[in-house]
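Structural features, examined
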Amino acid sequence: MEYHNKQIISMLKVLFMMILMIMSTQTHAQLSSDFYAESCPSLFPAVRGVMQRAVAKERRMAASLLRLFFHDCFINGCDGSILLDDTSSFRGEKTAGPNNNSVRGFEVIDKIKSRVEKLCPGVVSCADIVAISARDSVLLLGGPRWSVKLGRRDSKKAGFSAANSGVIPSPFSTLKNLINRFKAQGLSVRDMVALSGAHTIGQANCLTFRNRIYNESNIDLSFALSRRKNCPATSGSGDNKKAPLDIGSPTRFDHSYYNQLLDKKGLLTSDQVLFNGGSTDSLVGKYSRSLNTFYRDFVRAMIKMGDIKPLTGSHGQIRRNCRRPN
């Protein structure tokens, strides 16, 4: 009898795992690049038009919108929750530690949403707009093109506590911490190193690299001295002064970032740990030598990141205003 019971329990466990796998497959299967082909055929041109104007006005905005997607997906999945303002019932993610005075581009998302709502009211989610904007950000700065999987719905609440829990790696992260944070999201070491290449565009505040340029030894001296000119050693002085993450081509999406790491010119601690005698050195070398290899792995990782816990079907909602639930 005892053996029979164990068999039943074992079979139930297997059945349960199979159900979970099927549910997961169905969730991701509901995301597709042609999700809005009939319901909003002009979606992509509408998003691209607003993006082109925004990036022409400020090249840095492309990096900001790419980062917005990353920060959205790492907090409870790619559900547009990062766009929500505070309400009487919850606190938004915008003022959480990793996002406060850092994540930006919300006005551009608002403009895209307004444009799309006029064309296809109540159809396209804010979460999907963030995903398309991230792809267009890369494309507009000379990077690769890919088909964005769509069909996400919007969260009705934000995850302030989750955003503050350390799930988003800090600019001071060790290699182990980076690997673990990405692994927790179902992303591999290769995904992590490829996605870090997004730092080929954008800027960082002095506060995030001060310790590196004054105290770390695995840094090119001339590079450190040049960064110190605009980032005082005293904490609280010039904290928000900015420097490009990639000094070689700060507004072009290429693989210059990885060559910079080979020369010990990574701006952030979390950049240089990718090439510092550790397990990811070989990947950095590969990407530095081959732009196509970097592009291929970056695209795969972006698509994979976009699959993190999407709300689909009857879950969530299609927000009319990206800043608040309906």
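Residues numbered from 1 in each chain as written. Predicted model: local features only at pLDDT ≥ 70, side-chain atom pairs only at ≥ 80, totals over all residues. Heavy atoms only, no water.

The line we're drawing: UniProt positions are given in the numbering used here, feature names are shortened, and annotations may be inferred rather than shown by experiment.
Named according to an unreviewed UniProt entry, the protein chain is Peroxidase originating from Brassica oleracea var. oleracea. Under the heading Function (unreviewed entry), UniProt records this for the protein chain: "Removal of H(2)O(2), oxidation of toxic reductants, biosynthesis and degradation of lignin, suberization, auxin catabolism, response to environmental stresses such as wounding, pathogen attack and oxidative stress. These functions might be dependent on each isozyme/isoform in each plant tissue." The record held by UniProt for the protein chain lists under Catalytic activity (unreviewed entry) the comment "2 a phenolic donor + H2O2 = 2 a phenolic radical donor + 2 H2O".

1. Section: the environment of Ile109
Applicable threshold: Secondary structure counts use DSSP, requiring at least four H or I residues in a row for a helix and at least two E residues in a row for a strand, with both numbered from the N terminus. Throughout, a residue-residue contact means that at least one pair of heavy atoms, one from each residue, lies within 4.5 Å.
For Ile109, the position within the fold is in helix α4 (residues 106-119). In contact with Ile109, other than residues within four places in its own chain, are Leu65, Leu68, Leu83, Ile129, Val130, Ser133 and Cys322.

2. A closer look at the UniProt feature "active site" (unreviewed entry) in the protein chain
The UniProt entry lists His71 under the feature "active site" (unreviewed entry), expressed in the numbering used here. Topologically, His71 is positioned in helix α3 (residues 60-74). Residues within four places of His71 in sequence aside, it is in contact with Ile82, Pro98, Asn99, Val103 and Ile168.

3. Notes on the nonpolar core
Heads up, the condition is: We define a nonpolar core as any set of buried Ala, Val, Leu, Ile, Met, Phe, Trp, Tyr and Cys residues linked to one another through side-chain atoms lying within 4.5 Å. Burial classes: relative accessible area under 20% of the type maximum marks a residue as buried, over 50% as exposed, and values in between as partly exposed (1.4 Å probe, protein chains only).
Membership of the largest hydrophobic core comes to 74 residues, with the highest contact counts inside it found for Phe298 and Met305. In terms of residue count, α3 provides more of this core than any other element does, ten residues in total. Ranked by size, the runner-up nonpolar core spans twelve residues in total, among them Ile219, Ala224, Cys231 and Leu245.

4. So, the UniProt feature "site: Transition state stabilizer" (unreviewed entry) in the protein chain
Per the UniProt annotation, the sites labelled "site: Transition state stabilizer" (unreviewed entry) are Arg67. With respect to the element layout, Arg67 can be found in helix α3.

5. A few points about the domain arrangement of the protein chain
As a measure of interface size, the accessible area lost when the parts come together is often cited. Cut-off, in case you're wondering: Start and end points for every domain follow an automatic or database-based domain assignment. In short, buried area is how much 1.4 Å probe accessible area vanishes from two parts on joining, totalled over both.
According to the domain assignment, the protein chain consists of domain 1 (42-167) and domain 2 (175-302). Each of domain 1 and domain 2 has a C-alpha centre, and the two are 23 Å apart. On the domain 2 side, the residues contacting the 19 residues of domain 1 number 17 residues. Taking both sides of the interface into account, the surface hidden between domain 1 and domain 2 amounts to around 1500 Å²; carbon and sulfur atoms contribute 72%.

6. A few points about the state of the cysteines
The condition that has to hold: Cysteine sulfur atoms are paired as a disulfide whenever they fall within 2.5 Å.
Scanning the model with the defined rule gives four disulfides in all. With its sulfur 2.0 Å from that of its partner, Cys73 forms a disulfide with Cys78. On the sign convention where negative is left-handed, the bridge of Cys73 and Cys78, at about 115° about the S-S bond, is right-handed. Across this residue pair, the class does not change: Cys73 and Cys78 are buried.

7. Describing the pattern of salt bridges
Note the cut-off: Definition used for salt bridges: Asp or Glu carboxyl oxygen within 4 Å of a side-chain nitrogen of Lys or Arg.
Within the structure shown, the criterion is met by 15 salt bridges. The closest approach of N and O atoms between Asp239 and Arg210, which form a salt bridge, is 2.8 Å. Separated by 29 residues along the polypeptide, Asp239 in the loop between α10 (221-228) and β2 (242-244) and Arg210 in helix α9 (residues 206-215) bring together distant segments of the chain. For the pair shown, Asp239 and Arg210 are each scored as buried. Here Glu216 ties to Arg212 by a salt bridge, and the two come within 2.9 Å at their closest N and O atoms. The network of salt bridges with common partners includes Asp85, Lys94, Asp110 and Arg323.

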